[in-house]
Amino acid sequence: MNNVPQRIAKKLMPIPESGCFIWTGQEERGGYGMVWFEGKKRLVHRVVWQLERGAIEAGKSLDHLCRVRGCVNPNHLEPVDTRTNILRGSGRASVNSRKTMCQKGHPFTKENTYVTAKGERVCRICGRSAFTKWYRGKEVMA
């Protein structure tokens, strides 16, 4: 990392086994390194990327391909849109997006799935079953 200032470089710890360069300075935002740069507090992996590779395209975030938030190695980062970055992760949205079946084992196919206004996938078979059960309970009360 030839273009990184010494004050930043001295806070990087190389991990030979993985190739990661771990930031040992201040951390914020869920394990992401922070540094004062050009008069502002910035995410250090973005600073290192910009120094080594240039500007990050508008609307893009840097995805840690190594899945180590403290890593600043530009070879472990990829500029992607926010949706891609989220879906590659391990949060609830990404875990749910990888599911191929509902809780009862019905496949999430184009024909058997609808998406709610909140963006949630719903199994049509289970939805019909729940509606039928609700409707029959309503008839008994009448």
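Residues numbered from 1 in each chain as written. Predicted model: local features only at pLDDT ≥ 70, side-chain atom pairs only at ≥ 80, totals over all residues. Heavy atoms only, no water.

A.B. asks: Would you mind going over a nonpolar patch on the surface with me for this structure?
C.D. replies: On the surface, Phe131, Trp134 and Tyr135 cluster together into a nonpolar patch covering about 370 Å² of accessible area. For tryptophan 134, the location among the structural elements is in helix H5 (residues 124–141). (Patch = residues over 30% accessible without salt bridge, like charges linked within 9 Å, V, L, I, M, F, W, Y side chains within 5 Å. Areas by Shrake-Rupley, 256 points an atom, 1.4 Å probe, with all protein chains shown as cover. Salt bridge = Lys/Arg side-chain N within 4 Å of Asp/Glu carboxyl O. Helix = DSSP H or I, 4+ residues; strand = E, 2+ residues; numbered from the N terminus.)

A.B. asks: Explanation requested: the environment of histidine 106 in the structure shown.
C.D. replies: Within the secondary structure, histidine 106 is located in the loop between helix H4 (92–97) and strand E8 (113–115). Looking at histidine 106, the relative accessible area reads 22%, which means it is partly exposed. With residues near it in sequence (within four places) discarded, histidine 106 still touches Thr100, Met101, Asn112, Cys123, Ile125 and Cys126. (Buried < 20%, exposed > 50% of the residue type's maximum accessible area, 1.4 Å probe, protein only. Contact = heavy atoms within 4.5 Å.)

A.B. asks: Explain helix H2 (residues 44–53) to me, please; I cannot follow it from the model alone.
C.D. replies: Counting along an α-helix, one turn takes 3.6 residues, and residues three or four places apart therefore face a common direction. Taken as a whole, H2 has its buried residues at Val44, His45, Val47, Val48 and Trp49. Where H2 is buried, its residues contact helix H1 (6–9), strand E2 (20–23), strand E4 (32–37), strand E5 (40–43), strand E6 (60–64) and strand E7 (77–81). The first or second residue beyond H2 is glycine 54, which carries a positive phi of 105°.

A.B. asks: I'm lost on the side chain of serine 94 in this one. Help?
C.D. replies: Considering the arrangement of structural elements, one finds serine 94 in helix H4. Polar side-chain contacts of serine 94 include one of 3.4 Å to the backbone nitrogen of serine 90. Sequence-distant contacts of serine 94, defined by excluding residues within four places in its chain, comprise Ile86, Leu87 and Gly89. (Polar contact = N/O pair within 3.5 Å; in protein donor to acceptor, adjacent residues only side chain to side chain.)

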